[in-house]
Amino acid sequence: MPRGRRDVLLRVANVNPASVTTHTDRVLYSAIGIFILLYFGYATVGGAAFIDAGSNYQHPWYRWLVGPMVAAGVVAYDRAVVGRVAISYEQLESTDPRHFLKKPTIGLYAGRLGLALLFAVLITEPLMLSRYQGEIDARLNEVHNQQLSKIDRTGVVGTYAARIEALKRETVADDAVVSGLTERAAQKRQDARRLYQQAVADSAGDGVTRAAGCPSGGSCDQLVKRSRSLDDEATALDVQAGRLLDTQRTAREARAEEQVELTGRIAEQREANEVAVKADAGFGARTAAMWHLVTSDFWGVGVFYLGITLLLVALDCAAVGLKFASRGNGYERNEARTARRREHEATLIHEREIQDARTYGEAMARVVADGIEAATHDVEVARDSAERASAVLRTSVVVPPEIRRLTAHRGRHHRPVHAEFRHDEDAGRHRSPLRALPAEPE
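Residues numbered from 1 in each chain as written. Predicted model: local features only at pLDDT ≥ 70, side-chain atom pairs only at ≥ 80, totals over all residues. Heavy atoms only, no water.

## Concerning the overall build of the protein
Using the following cut-off: Helix numbers and strand numbers start at the N terminus; a helix is a DSSP run of H or I with at least 4 residues, a strand a run of E with at least 2. Partly exposed residues are those whose accessible area sits between 20% and 50% of the maximum for their type, while under 20% is buried and over 50% is exposed, using a 1.4 Å probe and protein chains only. Only heavy atoms matter for contacts: two residues are in contact if any of them lie within 4.5 Å across the pair. In this description, accessible areas are obtained by the Shrake-Rupley approach with a 1.4 Å probe, and a residue is regarded as covered only by the protein chains that are shown.
Scanning the protein for helices and strands turns up 12 helices and zero strands. Ordered by position from the N terminus, the helices and strands of the protein form the series α-α-α-α-α-α-α-α-α-α-α-α. Taking all 442 residues of the protein together, the buried fraction comes to 29%. For the protein, contacts bridging at least 24 residues in sequence account for 75% of all contacts bridging at least 6. Here the protein displays about 28600 Å² of accessible surface, and carbon together with sulfur accounts for 59% of that area.

Below, the structure written as structure tokens:
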């Protein structure tokens, strides 16, 4: 493979090509780069398939926007894990390779494993829904039938059906009353026919008396009268049944109309329920049907589901797994050496700057102290000079009597001083208050 293409794969793996100095490390990180590219491709397709399945396979156009974004996020995590080198900045002066790297951060790899499992499930689900579409449709049909049956028993349809049954029972009760009257009338007619047959037999001499004819007041005549009485009773019962039917006609018609109306409502409600239940065949319902298949037929469906999930997890974690397995390779040691050297140099420079700042501070403090000491010495010299000059003046200056008089009263004079001076000027007695003194011996 050309060097430029290898460098592209190394950049994809988020490693520094300058630190990859061995063929083994170059092959390793090139393979990691290939896995990352493959993962980006299948994560894009898997994310788009998940969005498509979530929209009940309406093929929305934005699925090709969500898929790459999800794939880019996971790939960014992989590149961060692969490109990160856990450098130890303790014992920077040590040249032992065991001190170059820190212990691996288990939480980082555990987080990537959890992300791989989550993403594998999200991608596996659309694949399984497409693979077992027939079985899922059959399961959904069964679930929908159960839901419709439950709705018919407990919903509005059940209420309507219960009312229709009550109306039917009322009609049956009315029919039972009328049929009871009709049956009694039929029974009386049968009894009348039987008695009339006995009367005919008796008139022929075949009866109990063995006497022919049907004289008035005889047995034959009694049987005929009883037969006619039963016919009259039967007729009366038929009339009563007819009047009862007339009385029930209004209620029967009302019940019939209500039954027709309720039957129409039941048909409409069942159609609406069927539409609503059949509409519950989206991603959630199909996922529930899929999990039912997995749990009920693990060796037929669950193994296949688990196999695809593990395959995708392995593909997800391939790049990070290679990184974890190759910890402490030449690339990581080169990166650690460079980073530790820079950190050591920065530490030494920082220590030198602190030391220089301390030295500069001490020098400045010394200079200030020397200046203060010199200034103090100059003040003392000036004070000594002033005191010495004052002593010399006190011993060498002759004070006139007028000044002595003036100073003797502490500023309280008997007369103005300027008058004395004018008097002295008029008298012409100007005397110098000072006179030359002999120079002090050196």
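## What about the side chain of R255?
Tracing the chain through its elements places R255 in helix α7 (residues 219-279). Relative accessible area serves as the criterion here: at 8%, R255 is assigned to the buried category. Ignoring sequence-local partners within four residues, the contact set of R255 consists of L167, E170, T171 and D174.

## Things to note about the nonpolar core
As a reminder, the rule being used: Each nonpolar core is a collection of buried residues, namely Ala, Val, Leu, Ile, Met, Phe, Trp, Tyr and Cys, held together in the definition by side-chain atoms within 4.5 Å.
Judged by nonpolar contacts, the single largest core of 44 residues is most densely connected at Y29, I32, Y39, M128, I136, M290 and V301. For Y29, the contacting residues outside a window of four places in its chain are L9, L10, A13, V15, V82, N329, Y331 and E332. Counting residues in hydrophobic clusters, the runner-up holds seven residues, among them A192, L223, V224 and L230.

## Some thoughts on the packing of aromatic side chains
What counts is decided by this rule: By convention, a stacked pair of Phe, Tyr or Trp rings (six-membered ring in the case of Trp) has centres within 6.5 Å and planes under 30 degrees apart, an edge-to-face pair has planes over 60 apart, and any other such pair is tilted.
One pass over the structure, following the stated rule, counts one aromatic pair. Seen in terms of ring centroids, W61 and Y62 are 6.0 Å apart; in terms of plane orientation they differ by 85 degrees. Their pairing is edge-to-face. Classification of W61 by relative accessible area gives exposed; the value is 66%.

## Quick notes on the pattern of salt bridges
We count it as follows: Salt bridges are counted wherever a side-chain nitrogen of Lys or Arg sits within 4 Å of a carboxyl oxygen of Asp or Glu.
Applying the stated rule across the entire model yields 12 salt bridges. Note that E170 and R255 form a salt bridge whose closest N and O atoms lie 3.7 Å from each other. Of this pair, E170 sits in helix α6 (residues 156-203) while R255 sits in helix α7, placing them 85 residues apart in sequence. Between D356 and R352 there is a salt bridge, with the nearest N and O atoms lying 3.4 Å from each other. Of the two residues, D356 and R352 are both situated in helix α10 (residues 330-396); the distance of four residues between them amounts to about one turn of the helix. Overall, D356 belongs to the partly exposed group, its relative accessible area being 37%. Here the salt bridges share partners, and the residues they tie into one network are E170, D174 and R255.

## A closer look at a nonpolar patch on the surface
To keep things clear, this is the line we draw: Nonpolar side chains (Val, Leu, Ile, Met, Phe, Trp, Tyr) within 5 Å and like charges within 9 Å form the patches, drawn only from residues with over 30% relative accessible area and no salt bridge.
A surface patch of nonpolar side chains, about 550 Å² in accessible area, is lined by F298, W299, V303, L306 and L310. Its place among the elements puts L306 in helix α9 (residues 298-325). Using a relative accessible area of 42% as the deciding quantity, one classes L306 as partly exposed.

## Quick notes on the packing of helix α3 (residues 63-83) against α9
Put simply, the rule reads: The axes used here are C-alpha line fits, helices contributing only the stretch in contact, and every angle between their N-to-C directions lies in the interval 0 to 180 degrees. Every angle not falling under 35 degrees, over 145, or within 65 to 115 is termed oblique; those three ranges are roughly parallel, roughly antiparallel and roughly perpendicular. Polar here means any residue other than Ala, Val, Leu, Ile, Met, Phe, Trp, Tyr, Cys and Pro, which are nonpolar, and Asp, Glu, Lys and Arg, which are charged; Gly is therefore polar.
Running from N to C, α3 and α9 cross one another at 10 degrees; their axes reach a closest spacing of 9 Å. When the axis of α3 is compared with that of α9, the two are roughly parallel. On α9, the residues that touch D78, V81 and V82 of α3 are D316, A319, V320 and K323. Tallied by class, the residues present in the contact of α3 with α9 amount to four nonpolar, no polar and three charged.

## Remarks on the UniProt feature "transmembrane region" (unreviewed entry) in the protein
Selection rule: UniProt positions are given in the numbering used here, feature names are shortened, and annotations may be inferred rather than shown by experiment.
UniProt tags residues 27-51, 106-124 and 298-322 as "transmembrane region" (unreviewed entry). The distance separating the terminal C-alpha atoms of residues 27-51 is 36 Å; by composition the span is 100% helix and 0% strand. Taken end to end, residues 298-322 is 100% helix and 0% strand, and its first and last C-alpha atoms sit 32 Å apart.

## Section: the packing of helix α2 (residues 23-54) against α3
Between two packed helices, what matters for the description is the angle formed by their axes and the separation of those axes. Going by this rule: Note on convention: the crossing is left-handed when the near helix lies turned anticlockwise from the far helix by less than a right angle, right-handed when the turn is clockwise.
Viewed as axis vectors pointing N to C, α2 and α3 meet at an angle of 150 degrees, and their least axial separation amounts to 7 Å. Taken as axis vectors, α2 and α3 run roughly antiparallel relative to one another. Considering how the two elements wind past one another, α2 and α3 form a crossing that is right-handed. Contacts between α2 and α3 involve Y29, I32, I36, Y39, F40, A43, T44, V45, G47, A48, I51 and D52 from the former and R63, W64, V66, G67, P68, A71, A72, V74, V75, D78, R79 and V82 from the latter.

## Thoughts on the environment of G328
Following the sequence through the fold, G328 ends up in the loop between α9 and α10. For G328, a relative accessible area of 23% gives the class partly exposed. A sequence separation of 243 residues divides G328 from V85, and the C-alpha atoms of the two residues are 9.2 Å apart. Apart from residues lying up to four places away in sequence, G328 is in contact with L101 and R333.

## Notes on helix α5 (residues 133-154)
Note the cut-off: Multiplying one less than the number of residues by 1.5 Å gives the expected span of a helix.
Compared with the 32 Å implied by 1.5 Å per residue over 22 residues, the 31 Å span of α5 between its first and last C-alpha is a close match. Those residues of α5 that fall on the buried side of the exposure criterion are I136, R139, L140, H144 and L148.

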